[in-house]
Structures are given as C-alpha cells and as structure tokens.
Amino acid sequence: MIDLKPSINFGHDLKNNELAGLWLLLGSRRSLKIVHPSIFQLLFWGVMAGAVNSLFSWLVAGQVGTFNPQGLISYAVWPFIALIVGIFLSQRMNNPRLMLVPALLWLVLDTNIILIQCLLQYLGDQDYLNFLPDSIYNAFPNIFAGLFVWQSLAVIWVFARELKWPWWERGLIMLATIFTLVVWQLSMKSQPIWKVDDVQPTISEDALYAQGNLLNQALEKIQFGDFAQTHWYFLGVAGDSYDSVFSSEVQRIRSQFDTRFGTFGRSIGLVNDPDTRTTLPIASETSIEMALNRIGQQMNKDTDVLFMYMTSHGEKEHFELENAPIDLKQVDPKWLRGALDKAGIKWRVIVISACYSGSFIPALQSDNTLVITASASDRSSFGCNNESDYTYFGRAFFDQAMREKTSLKDAFVTAQATVSQWENAQGFEPSEPQWSLGKNMEIMLPQLEKHLFPSPLKTDDAKSP
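Residues numbered from 1 in each chain as written. Predicted model: local features only at pLDDT ≥ 70, side-chain atom pairs only at ≥ 80, totals over all residues. Heavy atoms only, no water.

### Considerations on the packing of helix α6 (residues 101-125) against helix α7 (residues 134-163)
- At a minimum axis separation of 10 Å, α6 and α7 run at an interaxial angle of 170°. By the angle between their directions, the pair α6 and α7 is classed as roughly antiparallel. Across from Val-101, Pro-102, Trp-106, Leu-109, Asp-110, Ile-113, Ile-116, Gln-117, Leu-120 and Gly-124 in α6, the residues of α7 making contact are Tyr-137, Phe-140, Phe-144, Leu-147, Phe-148, Gln-151, Ser-152, Val-155 and Phe-159.
- Of the residues in the contact of α6 with α7, the class split is 14 nonpolar, 4 polar and 1 charged. (Axes fitted to C-alpha atoms, helices over the stretch in contact; angles between N-to-C directions. Helix = DSSP H or I, 4+ residues; strand = E, 2+ residues; numbered from the N terminus. Parallel < 35°, antiparallel > 145°, perpendicular 65-115°, else oblique. Contact = heavy atoms within 4.5 Å. Nonpolar A, V, L, I, M, F, W, Y, C, P; charged D, E, K, R; others polar.)

Structure follows, in structure tokens:
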C-alpha cells in the first residue's frame, strides 16, 4: 500500500517533490514515499514544465519564430494521460490523493530534464561545447529522446513494483506507452511550441541580372602592375551566406589591404551574402577562376605576388561555398591548385580560415607558395557566428597582428599564440594554425614584404607637417 505524506507547506512540498523526481529518474520506489501531492504543486510544476519546454523550443528555433499554442497543447497530452492514470489508480487503490501523483512526478522529472537540455542548447549555440568530440555532441538528441521515453516508463515502473503488478500487465502497459510515445513524437515534430515558418531562399530579379555586371566590373578594375615595381594583389573569398561573419571579414580585410598595404586597384572580393547580392560579385568556382585568371593577366608574374584569403565553413579537403538558392560547387584543394596554376600566378600567399583547412596544404604547397591555415587538417576553427565581425583567426591575424608586425611570419606566430589563448580560456580543442613555406618563397618573401608593410620611415613622414 502506498502511504502518501500530507502536505505541510508549499516550500517544503516543493523540495520533497523535486527530490521525488530525481528518485524517479533512477526508477526508485523511494519517489512514492517522499512525494507530497497537492493541486497547488501540480499547477506549479505544470506551469514550470510548460515554460521550460517553450524556452527549449525557442532556443532550438534559433530564438526566432512565433509561439504556437497547438504545440503546447500537444505537449500537455502527456501530463493529461498521467492524470487519467492517476484517477484510475486512485479508484483501484481506494486512495483519492493518489490521483495527482503520476502527473506530478512526470512533470517534475520532465522539467529537470528539459532544463538541462536548455543549458546544453544555449552552450552549443554560443560555441562553448566545441571542445566535445562530434560523436558525443551529436549523441545528445538521442540521449534526451531516451530520457523522455524513460520518464514515462519510470512512472509505470515504480508503481508496478510498489503495487506488485503481474509481469504481463507491466509489459502490456509499457508497450502501449512506447507505441503512444512514438505516435506522439511524430506529430510533435510538425507542431513545435515555437514555430519557424519554412521560407524557401530566393534570389531577386535585380540580383540575378546584376551579378554578371558586378563580376565584369570588378574584374575590369584590376589594374596592370608597374614592371618597375613589385605589387601585391588581393583576392578575398567569403564562402557561406548564412553566417554573416565571413562577408564582414572579407570586406574588412580587403579594405585593410587597399588602404594599408597598397592593393587599391589590384584587389577583388567575392562574397556570398544575401545583403550584398546587388553590390558585390558572389563567390563560386566560376568567379574564383575568372578572378585568378584576370589577376594572372594583369600582374608581372616574376615580381608581383597574390595574397588570397578564403574564409568559410569547411570539412576535410572541402571549402564550403553556399549561397542558396544557387546550387554551388564546393572548392577542393586539387581544383584550387589547378586554377592557380592555370592562371599563371607564380608567387602566392594563400590563407584559408575554415575548419580542417590544414588539409589543403599538401595540394597547395610549392616552392613559390606560402600557405597559412586557421586549423590543422584534423581540427576545427572557431568564431563563426553572426554576432562577430571576424573569425578567431581572422581577428588575431589580420585585425591585430598584421597591424603591429612587419613580417607575415611574426604576424602568424603572434596570431597563433592569441588564438591558442582564446581557445584555452573557453575550453576549446586547439585549432593549431599551420604555416607551410616553399623554399623559393622563403628567399623571396623578405623582399616582397618590403612592398607590403608600410615602412616606419614612410609612416613618420606622413605624420610630419
């Protein structure tokens, strides 16, 4: 016989019910011995469960969308079923206070589990869980789906053990519960509490017709190099349109090169961003190849040098180009090496900021090339979110180190240390930026850098009256 304790006061009952929910998670009958059911406790935990489930749905929706009452009604089906079970048990056991217990315990346990999910979802959105292996991070949804199933089965389990139900009765009830859970879960996917209307990406007519002219105009603006001097050319590629940090980064770095490093008239930016489709040429294999060919035609191949910066998401041997609804091919190392060779560009500094970007080094390295990557071939890089103007590596290398140092090697070493410091402070797995310098470029680079970094003398002269 289940002997329920009488209600004492709201705070005392709240504490006991919280403990009862934790014992329920373990499948312990102790949860039935310490639970303090009352209508006020049921209402409180019902409101709490609805609130935290709404919060979780909002976080999963990306903190956008609209509240969907139907989703909350769908969620309320389960505590309602638990309440019906409680009514049945209270009549069967001739114990009216037993009526609230199944629903109350279910709500307490659900509230605690969803609170943990909210915390993990928030930390994941803020990139605080990037130190976890992908296998563990990707397993979270399945783990919590299992916990949701268990919280319903746990109520049946503790009651079945306490009331000594026969094994066949336990089995039938659990099978019926699992079947109902599956059906409910399928319907719940189409009715979340916080709903985001699916909007298919589109490209406007203005952007469609503007792109051809934008690319041609940008290519025509790339000037000839003076054969009596050494010039740097800049090509920036922002690969993904759904994270604005890449667009912002390329535009800022191109401006930095034009104003500080003298590439004005010899630079081009290819950007995938919905906000720039009518003002800047998009980044694609076609536009990258055309830009490289134009630069190769305009530059003095023996004395001029290309600085190419690419920033996006990435996988091993894969640099992502995305600009929905346009179906773009992805950049792989062999294709990029072939495009550079075909353009006839001899001296190359190639910087790639993307996860696993170190996997591009074997294909791109040559005697006349410096390759810098934001991460090793088996590591992720960080700082890719819409709230930032730069990725971690982009900020450390371009916005900080290259404003202070007068050599690419010094700038890289400083940026490498800065990125490592940021990653350690936030518990991220080190990205391990890479440096690969060809033997001819090693000899040539100090001479080329004299034409890249402003000399102290020129800076002082500029400040003189």
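### What to know about the pairing of strand β5 (residues 305-311)
- In terms of burial, β5 is largely enclosed, as 7 of its 7 residues are buried.
- The two faces of β5 match: Val-305, Phe-307, Tyr-309 and Thr-311 on one face and Leu-306, Met-308 and Met-310 on the other face are all buried.
- The pairing of strand β3 (residues 232-238) with β5 spans 7 bridges and is parallel. Bridge pairing links Leu-235 to Met-308 in β5.
- Relative to strand β8 (residues 347-353), β5 runs parallel, the two sharing 7 bridges. In the strand pairing of β8, Met-308 is matched with Ile-350. (Buried < 20%, exposed > 50% of the residue type's maximum accessible area, 1.4 Å probe, protein only. Pairing = 2+ DSSP bridges.)

### Regarding the confidence of the model for the chain
- Across the chain, pLDDT averages 88, with 94% of residues at or above 70.
- Summarising per-element confidence for the chain, the mean pLDDT is lowest in helix α17 (residues 456-463) (44) and highest in strand β9 (residues 369-373) (98).
- pLDDT under 50 marks residues 457-465. Its contacts with residues more than four places away, or in other chains, come to 1 contact. (pLDDT = per-residue confidence, 0-100.)

### Points about the nonpolar core
- Formed by 38 residues in total, the largest nonpolar core has its most connected members in Phe-257, Phe-307, Val-349, Phe-397, Phe-398, Met-402 and Leu-408.
- Listed by contribution, the elements that provide at least two residues to this core are β3, α10 (244-260), β5, β8, β9, α14 (392-404), α15 (408-425) and α16 (439-449).
- Broken down by element, the residue count for this core peaks at 6 residues, all from α14.
- Other than its neighbours up to four places away in sequence, Val-349 contacts Trp-232, Val-305, Leu-306, Phe-307, Met-308, Leu-370, Leu-408 and Met-441.
- Leu-24, Ala-49, Val-108 and Ile-113 belong to the second-largest nonpolar core, a separate cluster that totals 37 residues. (Core = buried A, V, L, I, M, F, W, Y, C linked by side-chain atoms within 4.5 Å.)

### Digging into α15
- Here α15 spans 26 Å end to end across 18 residues, near enough to the 26 Å set by a 1.5 Å rise per residue.
- Residue Gly-427 follows α15 closely and has a positive phi angle near 75°. (Expected span 1.5 Å × (residues − 1).)

### Focus: a nonpolar patch on the surface
- On the surface, a nonpolar cluster with roughly 440 Å² of combined accessible area is contributed by Leu-19, Leu-22, Trp-23, Leu-25 and Leu-26.
- We classify Trp-23 as partly exposed; its relative accessible area is 33%. (Patch = residues over 30% accessible without salt bridge, like charges linked within 9 Å, V, L, I, M, F, W, Y side chains within 5 Å. Areas by Shrake-Rupley, 256 points an atom, 1.4 Å probe, with all protein chains shown as cover. Salt bridge = Lys/Arg side-chain N within 4 Å of Asp/Glu carboxyl O.)

### Some remarks on unusual backbone geometry
- Between Ala-324 and Pro-325 the backbone carries a cis peptide bond, its omega angle lying at 10°.
- Mapped onto the elements of the fold, Pro-325 is located in the loop between β7 (318-319) and α12 (333-343).
- In the Ramachandran plot, Gln-63 falls in the positive-phi region, its phi being about 60° despite a non-glycine side chain.
- Note on placement: Gln-63 falls in the loop between α3 (39-60) and β1 (66-67).
- Taking relative accessible area as the criterion, Gln-63 reaches 37% and is therefore assigned partly exposed.
- One non-glycine residue, Tyr-356, lies in positive phi territory at about 60°.
- When you line up the elements, Tyr-356 lands in the loop between β8 and α13 (361-364).
- Overall, Tyr-356 belongs to the buried group, its relative accessible area being 18%.

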